[in-house]
Amino acid sequence: MATINDLSEGEIGQNRLVYSPTWIEAQKQVIQWALKLGLTVTVDDFGTAYMDVPGTDHPDQVIATGSHIDTVAQGGRFDGLYGVLGGMQAIENLLVTEGHPKETLRLISFSEEEGSRFPDTFTGSKHYTGAKINLAMTDPDGIHFDDARQTAVAQLNLPGVKHDLPDLPDTFTELHIEQGPRLIDHQLQIGLVTAIVGQRRFTITVKGIANHAGTTPMDERADALEMAVTLISQLRDQAHQLDSGLTFTVGEMHISPNTSNVIPGLVTFTIDTRSNDEQILDNFEQIIHQVVAQHQEPKITSTVNRWAKSDVTHLDDQLLAANQKTADKLGFSSTQLASGAGHDSQIMAKVTRTTMIFVPSIDGISHAPEENTGQVDLLHGVELLTESLHQQAY
Ligand code: HGY
Ligand code: MN
Ligand code: MN
Ligand code: MN
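Residues numbered from 1 in each chain as written. Chains lettered and ligands numbered in written order. Predicted model: local features only at pLDDT ≥ 70, side-chain atom pairs only at ≥ 80, totals over all residues. Heavy atoms only, no water.

Participant: Help me out: how do you make sense of the coordination of the manganese ion (ligand 4) in this one?
Facilitator: Between any two of four tetrahedral donors, the ideal angle at the metal is 109.5 degrees; between two of six octahedral donors, it is 90 or 180 degrees. The coordination sphere of the manganese ion (ligand 4), as far as protein atoms go, consists of His314 (NE2) and Asp317 (OD), spread over 2.3 to 2.5 Å. According to the relative accessible area criterion, His314 is exposed, its value standing at 55%. Since its relative accessible area comes to 49%, Asp317 is described here as partly exposed. (Donors = N, O, S within 2.8 Å, 3.2 Å for Na, K, Ca; no water. Buried < 20%, exposed > 50% of the residue type's maximum accessible area, 1.4 Å probe, protein only.)

Written as C-alpha coordinates, this is what we have:
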(Lines give C-alpha, C1' and ligand atoms only; values in the text may rest on other atoms or scores of the structure.)
(Ligands and ions follow the chains in the order given, each with its own letter.)
Protein backbone atom coordinates (compact mmCIF):
# COMPACT_ATOMS: atom_id res chain seq x y z
CA MET A 1 0.00 0.00 0.00
CA ALA A 2 1.12 3.51 -0.65
CA THR A 3 2.79 5.39 2.11
CA ILE A 4 3.19 9.11 2.61
CA ASN A 5 6.88 8.73 1.82
CA ASP A 6 6.08 7.34 -1.64
CA LEU A 7 4.67 10.74 -2.58
CA SER A 8 6.95 12.97 -0.56
CA GLU A 9 9.87 14.77 -2.13
CA GLY A 10 12.32 13.60 0.54
CA GLU A 11 13.09 15.90 3.42
CA ILE A 12 12.79 19.23 1.59
CA GLY A 13 9.54 21.15 1.68
CA GLN A 14 6.72 19.86 -0.46
CA ASN A 15 5.87 22.07 -3.44
CA ARG A 16 2.81 20.37 -4.88
CA LEU A 17 1.21 23.65 -5.98
CA VAL A 18 -1.94 22.97 -7.93
CA TYR A 19 -1.33 21.89 -11.59
CA SER A 20 2.47 21.98 -11.14
CA PRO A 21 4.54 19.02 -12.45
CA THR A 22 4.83 17.58 -8.90
CA TRP A 23 1.06 17.95 -8.49
CA ILE A 24 0.44 16.07 -11.77
CA GLU A 25 2.83 13.28 -10.77
CA ALA A 26 1.21 12.87 -7.35
CA GLN A 27 -2.40 12.88 -8.60
CA LYS A 28 -1.44 10.39 -11.34
CA GLN A 29 0.19 8.12 -8.75
CA VAL A 30 -2.89 8.25 -6.48
CA ILE A 31 -5.09 7.33 -9.46
CA GLN A 32 -2.81 4.43 -10.41
CA TRP A 33 -2.86 3.05 -6.85
CA ALA A 34 -6.67 3.34 -6.83
CA LEU A 35 -6.98 1.52 -10.16
CA LYS A 36 -4.67 -1.22 -8.83
CA LEU A 37 -6.95 -1.55 -5.79
CA GLY A 38 -9.86 -2.12 -8.17
CA LEU A 39 -11.59 1.21 -7.52
CA THR A 40 -13.41 2.97 -10.37
CA VAL A 41 -11.81 6.36 -11.04
CA THR A 42 -13.50 9.55 -12.28
CA VAL A 43 -11.63 12.83 -12.80
CA ASP A 44 -13.50 16.14 -13.10
CA ASP A 45 -12.66 19.32 -15.04
CA PHE A 46 -10.52 20.65 -12.19
CA GLY A 47 -8.46 17.47 -11.78
CA THR A 48 -10.14 16.18 -8.63
CA ALA A 49 -10.12 12.36 -8.56
CA TYR A 50 -13.14 10.39 -7.25
CA MET A 51 -12.26 6.77 -6.53
CA ASP A 52 -15.24 4.49 -5.82
CA VAL A 53 -16.09 1.03 -4.57
CA PRO A 54 -19.68 0.74 -5.88
CA GLY A 55 -22.20 -0.41 -3.22
CA THR A 56 -23.78 -3.83 -3.75
CA ASP A 57 -27.24 -2.86 -2.43
CA HIS A 58 -27.44 0.96 -2.60
CA PRO A 59 -24.81 2.16 -5.13
CA ASP A 60 -26.41 5.62 -5.25
CA GLN A 61 -25.85 6.11 -1.50
CA VAL A 62 -22.30 7.45 -1.26
CA ILE A 63 -20.11 7.46 1.87
CA ALA A 64 -17.07 9.63 1.10
CA THR A 65 -13.70 10.37 2.62
CA GLY A 66 -10.67 12.26 1.32
CA SER A 67 -8.73 15.52 1.39
CA HIS A 68 -6.59 17.72 -0.91
CA ILE A 69 -3.50 16.71 -2.91
CA ASP A 70 -1.95 20.19 -3.21
CA THR A 71 0.41 21.77 -0.66
CA VAL A 72 1.57 25.26 0.28
CA ALA A 73 5.02 26.32 -1.00
CA GLN A 74 7.74 24.62 1.10
CA GLY A 75 4.95 22.66 2.81
CA GLY A 76 4.83 19.48 4.85
CA ARG A 77 4.32 15.85 3.84
CA PHE A 78 1.04 15.27 5.70
CA ASP A 79 -1.32 18.26 5.23
CA GLY A 80 -3.93 16.97 2.77
CA LEU A 81 -2.02 13.93 1.52
CA TYR A 82 -2.58 12.04 4.79
CA GLY A 83 -6.33 12.27 4.28
CA VAL A 84 -6.02 10.94 0.73
CA LEU A 85 -3.66 8.04 1.43
CA GLY A 86 -5.17 7.34 4.86
CA GLY A 87 -8.59 7.15 3.19
CA MET A 88 -7.22 4.76 0.60
CA GLN A 89 -5.72 2.60 3.36
CA ALA A 90 -9.07 2.56 5.22
CA ILE A 91 -10.90 1.44 2.07
CA GLU A 92 -8.27 -1.23 1.41
CA ASN A 93 -8.64 -2.46 5.02
CA LEU A 94 -12.41 -2.77 4.54
CA LEU A 95 -12.12 -4.56 1.17
CA VAL A 96 -9.77 -7.08 2.74
CA THR A 97 -11.69 -7.67 5.98
CA GLU A 98 -15.34 -6.96 5.06
CA GLY A 99 -15.56 -7.40 1.28
CA HIS A 100 -17.73 -5.08 -0.80
CA PRO A 101 -19.87 -2.41 0.96
CA LYS A 102 -23.65 -2.15 0.66
CA GLU A 103 -23.33 1.60 -0.05
CA THR A 104 -20.72 3.12 -2.35
CA LEU A 105 -17.43 4.07 -0.68
CA ARG A 106 -15.76 7.08 -2.33
CA LEU A 107 -12.23 8.39 -1.84
CA ILE A 108 -11.76 11.99 -3.05
CA SER A 109 -8.40 13.60 -3.86
CA PHE A 110 -9.35 17.28 -4.20
CA SER A 111 -7.30 19.21 -6.74
CA GLU A 112 -6.63 22.36 -4.71
CA GLU A 113 -7.38 23.65 -1.19
CA GLU A 114 -4.54 25.93 -0.08
CA GLY A 115 -4.93 29.03 -2.26
CA SER A 116 -1.11 29.01 -2.54
CA ARG A 117 -0.71 29.47 -6.28
CA PHE A 118 -3.85 31.25 -7.50
CA PRO A 119 -5.88 33.87 -5.55
CA ASP A 120 -8.70 31.57 -4.45
CA THR A 121 -8.99 28.73 -1.96
CA PHE A 122 -10.78 25.37 -1.91
CA THR A 123 -11.25 25.42 -5.71
CA GLY A 124 -11.47 21.58 -5.86
CA SER A 125 -14.26 21.14 -3.32
CA LYS A 126 -15.93 24.38 -4.46
CA HIS A 127 -16.12 23.02 -8.02
CA TYR A 128 -17.51 19.68 -6.76
CA THR A 129 -20.20 21.48 -4.75
CA GLY A 130 -21.22 23.77 -7.61
CA ALA A 131 -19.55 27.06 -6.61
CA LYS A 132 -18.33 29.39 -9.38
CA ILE A 133 -14.56 29.77 -9.83
CA ASN A 134 -12.90 32.64 -11.72
CA LEU A 135 -11.08 30.66 -14.46
CA ALA A 136 -9.30 33.82 -15.64
CA MET A 137 -7.38 34.36 -12.41
CA THR A 138 -3.59 34.29 -12.75
CA ASP A 139 -0.67 33.15 -10.58
CA PRO A 140 2.28 35.48 -9.74
CA ASP A 141 3.92 34.49 -13.06
CA GLY A 142 0.83 35.54 -15.02
CA ILE A 143 -0.21 31.98 -15.88
CA HIS A 144 -4.00 31.63 -16.18
CA PHE A 145 -5.77 29.14 -13.88
CA ASP A 146 -7.74 27.79 -16.86
CA ASP A 147 -4.64 27.12 -18.98
CA ALA A 148 -2.80 25.42 -16.11
CA ARG A 149 -5.93 23.44 -15.30
CA GLN A 150 -6.51 22.14 -18.84
CA THR A 151 -2.85 21.19 -19.35
CA ALA A 152 -2.73 19.28 -16.05
CA VAL A 153 -6.11 17.54 -16.34
CA ALA A 154 -5.25 16.31 -19.85
CA GLN A 155 -2.38 14.34 -18.28
CA LEU A 156 -4.75 12.54 -15.90
CA ASN A 157 -6.62 10.79 -18.73
CA LEU A 158 -5.13 7.43 -17.85
CA PRO A 159 -6.60 4.19 -19.27
CA GLY A 160 -9.72 3.27 -17.25
CA VAL A 161 -10.28 6.80 -15.96
CA LYS A 162 -13.69 8.37 -16.66
CA HIS A 163 -14.10 12.13 -17.08
CA ASP A 164 -17.17 13.45 -15.27
CA LEU A 165 -18.49 15.30 -12.19
CA PRO A 166 -20.05 12.73 -9.83
CA ASP A 167 -23.12 13.34 -7.63
CA LEU A 168 -22.60 14.66 -4.12
CA PRO A 169 -22.13 12.13 -1.30
CA ASP A 170 -24.45 11.42 1.64
CA THR A 171 -21.66 11.94 4.17
CA PHE A 172 -18.07 13.17 4.02
CA THR A 173 -15.33 12.39 6.57
CA GLU A 174 -11.92 14.07 6.33
CA LEU A 175 -8.88 12.57 8.06
CA HIS A 176 -6.28 15.29 8.70
CA ILE A 177 -3.35 16.23 10.92
CA GLU A 178 -4.28 18.84 13.56
CA GLN A 179 -1.63 21.28 12.29
CA GLY A 180 -1.49 22.75 15.81
CA PRO A 181 -0.17 21.91 19.31
CA ARG A 182 -3.28 20.88 21.29
CA LEU A 183 -3.33 17.10 20.83
CA ILE A 184 0.42 16.70 21.22
CA ASP A 185 0.61 19.03 24.24
CA HIS A 186 -2.11 17.06 26.04
CA GLN A 187 -0.81 13.64 24.86
CA LEU A 188 -4.11 12.91 23.11
CA GLN A 189 -4.33 10.44 20.21
CA ILE A 190 -7.45 11.66 18.38
CA GLY A 191 -9.21 15.01 17.83
CA LEU A 192 -12.87 15.10 16.80
CA VAL A 193 -13.66 18.39 15.09
CA THR A 194 -16.71 20.39 16.19
CA ALA A 195 -16.24 23.42 13.92
CA ILE A 196 -13.83 25.04 11.48
CA VAL A 197 -12.51 28.58 11.73
CA GLY A 198 -13.75 31.28 9.37
CA GLN A 199 -11.05 32.95 7.30
CA ARG A 200 -10.65 35.96 5.04
CA ARG A 201 -7.66 36.70 2.84
CA PHE A 202 -6.75 40.07 1.32
CA THR A 203 -4.08 41.58 -0.91
CA ILE A 204 -3.04 45.16 -0.11
CA THR A 205 -1.44 47.03 -3.02
CA VAL A 206 0.72 50.06 -2.17
CA LYS A 207 1.65 52.31 -5.11
CA GLY A 208 4.47 54.82 -4.53
CA ILE A 209 7.18 56.14 -6.88
CA ALA A 210 10.30 54.18 -7.77
CA ASN A 211 13.33 56.42 -7.61
CA HIS A 212 17.10 56.58 -7.12
CA ALA A 213 18.29 55.40 -3.69
CA GLY A 214 21.19 57.87 -3.63
CA THR A 215 19.94 61.08 -5.18
CA THR A 216 16.37 61.28 -3.80
CA PRO A 217 16.23 63.35 -0.58
CA MET A 218 14.65 61.47 2.35
CA ASP A 219 11.74 63.94 2.64
CA GLU A 220 10.89 63.74 -1.06
CA ARG A 221 10.31 60.03 -1.32
CA ALA A 222 7.11 58.08 -2.07
CA ASP A 223 8.50 54.84 -0.67
CA ALA A 224 5.90 52.05 -1.10
CA LEU A 225 7.76 49.64 1.21
CA GLU A 226 7.97 52.15 4.05
CA MET A 227 4.20 52.64 3.76
CA ALA A 228 3.58 48.87 3.63
CA VAL A 229 5.59 48.42 6.84
CA THR A 230 3.55 51.19 8.51
CA LEU A 231 0.26 49.56 7.48
CA ILE A 232 1.38 46.10 8.64
CA SER A 233 2.58 47.30 12.05
CA GLN A 234 -0.58 49.35 12.67
CA LEU A 235 -2.82 46.43 11.66
CA ARG A 236 -0.87 43.98 13.82
CA ASP A 237 -1.24 46.31 16.80
CA GLN A 238 -4.98 46.53 16.17
CA ALA A 239 -5.22 42.72 15.92
CA HIS A 240 -3.39 42.40 19.26
CA GLN A 241 -5.54 45.09 20.90
CA LEU A 242 -8.70 43.23 19.80
CA ASP A 243 -7.34 40.35 21.91
CA SER A 244 -10.19 38.22 20.60
CA GLY A 245 -8.49 35.08 19.38
CA LEU A 246 -8.27 36.58 15.88
CA THR A 247 -5.21 35.41 14.00
CA PHE A 248 -3.52 37.93 11.68
CA THR A 249 -0.77 36.83 9.29
CA VAL A 250 1.16 38.60 6.55
CA GLY A 251 2.61 35.64 4.65
CA GLU A 252 3.38 36.92 1.16
CA MET A 253 4.97 40.14 -0.06
CA HIS A 254 6.15 41.29 -3.47
CA ILE A 255 8.38 44.35 -3.83
CA SER A 256 8.97 46.03 -7.15
CA PRO A 257 11.49 46.46 -8.58
CA ASN A 258 13.06 44.62 -5.60
CA THR A 259 16.52 46.08 -6.21
CA SER A 260 18.90 47.30 -3.54
CA ASN A 261 19.52 50.78 -5.00
CA VAL A 262 15.93 51.63 -6.03
CA ILE A 263 13.23 53.08 -3.74
CA PRO A 264 10.35 50.56 -4.03
CA GLY A 265 7.60 51.92 -6.25
CA LEU A 266 5.09 49.11 -5.78
CA VAL A 267 4.49 46.65 -2.93
CA THR A 268 1.78 44.04 -2.52
CA PHE A 269 1.27 41.94 0.61
CA THR A 270 -1.34 39.45 1.74
CA ILE A 271 -3.32 39.41 4.98
CA ASP A 272 -4.80 36.16 6.34
CA THR A 273 -7.32 36.67 9.18
CA ARG A 274 -9.14 33.89 11.05
CA SER A 275 -11.65 33.63 13.87
CA ASN A 276 -14.38 31.39 15.23
CA ASP A 277 -16.61 34.50 15.32
CA GLU A 278 -17.89 36.06 12.07
CA GLN A 279 -18.49 39.38 13.86
CA ILE A 280 -14.79 39.64 14.75
CA LEU A 281 -13.85 38.96 11.13
CA ASP A 282 -16.33 41.65 10.01
CA ASN A 283 -14.93 44.14 12.55
CA PHE A 284 -11.35 43.55 11.54
CA GLU A 285 -12.18 43.81 7.84
CA GLN A 286 -13.52 47.29 8.60
CA ILE A 287 -10.35 48.12 10.53
CA ILE A 288 -8.26 47.12 7.50
CA HIS A 289 -10.22 49.56 5.32
CA GLN A 290 -10.02 52.32 7.97
CA VAL A 291 -6.25 52.03 8.49
CA VAL A 292 -5.61 51.99 4.72
CA ALA A 293 -7.92 55.00 4.21
CA GLN A 294 -6.10 56.95 6.96
CA HIS A 295 -2.77 56.44 5.18
CA GLN A 296 -3.57 57.68 1.69
CA GLU A 297 -1.01 60.30 0.59
CA PRO A 298 -0.80 62.41 -2.60
CA LYS A 299 2.04 60.28 -3.94
CA ILE A 300 1.32 56.97 -2.18
CA THR A 301 -2.04 55.24 -2.66
CA SER A 302 -3.08 51.86 -1.25
CA THR A 303 -5.97 49.55 -2.15
CA VAL A 304 -7.56 46.51 -0.45
CA ASN A 305 -8.76 43.43 -2.35
CA ARG A 306 -10.45 40.60 -0.45
CA TRP A 307 -10.03 37.46 -2.57
CA ALA A 308 -11.02 34.66 -0.22
CA LYS A 309 -13.76 34.27 2.40
CA SER A 310 -14.84 31.06 4.11
CA ASP A 311 -17.39 31.08 6.91
CA VAL A 312 -17.16 29.67 10.43
CA THR A 313 -18.54 26.15 9.90
CA HIS A 314 -20.21 23.86 12.43
CA LEU A 315 -19.72 20.15 11.59
CA ASP A 316 -22.26 17.34 11.91
CA ASP A 317 -23.15 16.42 15.51
CA GLN A 318 -24.35 12.86 14.86
CA LEU A 319 -21.26 11.83 12.90
CA LEU A 320 -19.08 13.37 15.60
CA ALA A 321 -20.96 11.52 18.34
CA ALA A 322 -20.62 8.22 16.43
CA ASN A 323 -16.86 8.77 16.01
CA GLN A 324 -16.59 9.68 19.72
CA LYS A 325 -18.19 6.33 20.63
CA THR A 326 -15.88 4.48 18.24
CA ALA A 327 -12.77 6.25 19.53
CA ASP A 328 -13.78 5.31 23.10
CA LYS A 329 -14.44 1.70 22.02
CA LEU A 330 -11.01 1.53 20.34
CA GLY A 331 -9.47 2.89 23.54
CA PHE A 332 -8.10 6.12 22.02
CA SER A 333 -7.59 9.17 24.22
CA SER A 334 -9.48 11.95 22.45
CA THR A 335 -10.91 15.41 22.70
CA GLN A 336 -13.42 17.50 20.74
CA LEU A 337 -12.00 20.73 19.34
CA ALA A 338 -12.48 23.45 16.75
CA SER A 339 -10.03 23.64 13.84
CA GLY A 340 -7.81 26.74 13.46
CA ALA A 341 -6.95 25.58 9.95
CA GLY A 342 -9.29 25.72 7.00
CA HIS A 343 -10.33 22.48 5.32
CA ASP A 344 -12.31 21.16 2.36
CA SER A 345 -14.75 19.94 4.99
CA GLN A 346 -16.03 23.48 5.47
CA ILE A 347 -17.06 23.51 1.80
CA MET A 348 -18.47 19.96 1.88
CA ALA A 349 -20.45 20.83 5.04
CA LYS A 350 -22.53 23.24 2.93
CA VAL A 351 -23.98 20.32 0.94
CA THR A 352 -23.69 17.16 3.05
CA ARG A 353 -23.23 15.77 6.58
CA THR A 354 -19.52 16.28 7.28
CA THR A 355 -17.08 15.44 10.05
CA MET A 356 -13.30 15.46 10.61
CA ILE A 357 -10.83 13.26 12.47
CA PHE A 358 -7.50 14.79 13.64
CA VAL A 359 -4.28 13.12 14.64
CA PRO A 360 -1.47 14.95 16.50
CA SER A 361 1.17 17.16 14.84
CA ILE A 362 4.62 16.86 16.45
CA ASP A 363 5.51 20.25 18.03
CA GLY A 364 2.28 21.54 16.47
CA ILE A 365 4.19 22.43 13.31
CA SER A 366 2.54 22.51 9.87
CA HIS A 367 2.91 24.31 6.52
CA ALA A 368 6.67 23.70 6.87
CA PRO A 369 9.12 20.88 5.97
CA GLU A 370 9.32 19.99 9.70
CA GLU A 371 5.60 18.97 9.68
CA ASN A 372 5.50 15.47 11.18
CA THR A 373 3.22 12.92 12.85
CA GLY A 374 4.25 9.64 14.50
CA GLN A 375 3.58 6.45 12.53
CA VAL A 376 1.40 5.01 15.36
CA ASP A 377 -0.72 8.18 15.42
CA LEU A 378 -1.15 7.99 11.63
CA LEU A 379 -2.37 4.41 11.98
CA HIS A 380 -4.78 5.31 14.83
CA GLY A 381 -6.44 7.85 12.55
CA VAL A 382 -6.78 5.26 9.78
CA GLU A 383 -8.16 2.72 12.27
CA LEU A 384 -10.87 5.13 13.46
CA LEU A 385 -11.71 6.16 9.89
CA THR A 386 -11.93 2.49 8.84
CA GLU A 387 -14.42 1.75 11.61
CA SER A 388 -16.40 4.92 10.87
CA LEU A 389 -16.75 4.01 7.17
CA HIS A 390 -17.57 0.41 8.14
CA GLN A 391 -20.46 1.56 10.34
CA GLN A 392 -21.85 3.76 7.55
CA ALA A 393 -21.39 1.67 4.41
CA TYR A 394 -21.76 -2.00 5.39
O1 HGY B 1 -4.54 27.48 5.47
C2 HGY B 1 -5.13 26.58 6.03
O3 HGY B 1 -5.66 26.75 7.08
C4 HGY B 1 -5.24 25.21 5.42
O5 HGY B 1 -4.13 24.45 5.80
N6 HGY B 1 -5.39 25.30 4.02
MN1 MN C 1 -5.12 20.78 4.70
MN1 MN D 1 -2.81 23.58 4.54
MN1 MN E 1 -24.56 21.54 16.83
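After that view, the rundown keeps rolling.
Participant: Is there a simple way to think about the coordination of the manganese ion (ligand 3) in this case?
Facilitator: All of the protein donors around the manganese ion (ligand 3) are Asp79 (OD), Glu114 (OE), Glu114 (OE) and His367 (NE2); their distances to the metal are 2.0 to 2.6 Å. Between consecutive donors of the manganese ion (ligand 3), the numbers of intervening residues give the motif D-x34-E-x252-H. Distance-wise, the manganese ion (ligand 2) is placed 3.6 Å from the manganese ion (ligand 3), both being coordinated by Asp79. With Asp79 in the loop between β3 (58-68) and α2 (81-98) and His367 in the loop between β17 (353-359) and α10 (375-393), this residue pair connects regions lying 288 residues apart in the sequence. (Helix = DSSP H or I, 4+ residues; strand = E, 2+ residues; numbered from the N terminus.)

Participant: What am I meant to see in the pairing of strand β7 (residues 190-196) here?
Facilitator: The side chains of a regular strand alternate, residue by residue, between the two faces of the sheet. The element β7 is extensively covered by neighbouring structure, given that 6 of its 7 residues are classed as buried. Across 6 bridges, the pairing between β7 and strand β16 (residues 334-339) is parallel. From the neighbouring strand, Ala195 faces β16, where its bridge partner is Ala338. Across 2 bridges, β7 lies against β17 in antiparallel orientation. Across the sheet, the residue bridging to Leu192 is Ile357, located in β17. The pairing of β7 with strand β15 (residues 313-314) spans 2 bridges and is classified as antiparallel. Within the sheet, the bridge partner assigned to Ile196 lies in β15 and is Thr313. (Pairing = 2+ DSSP bridges.)

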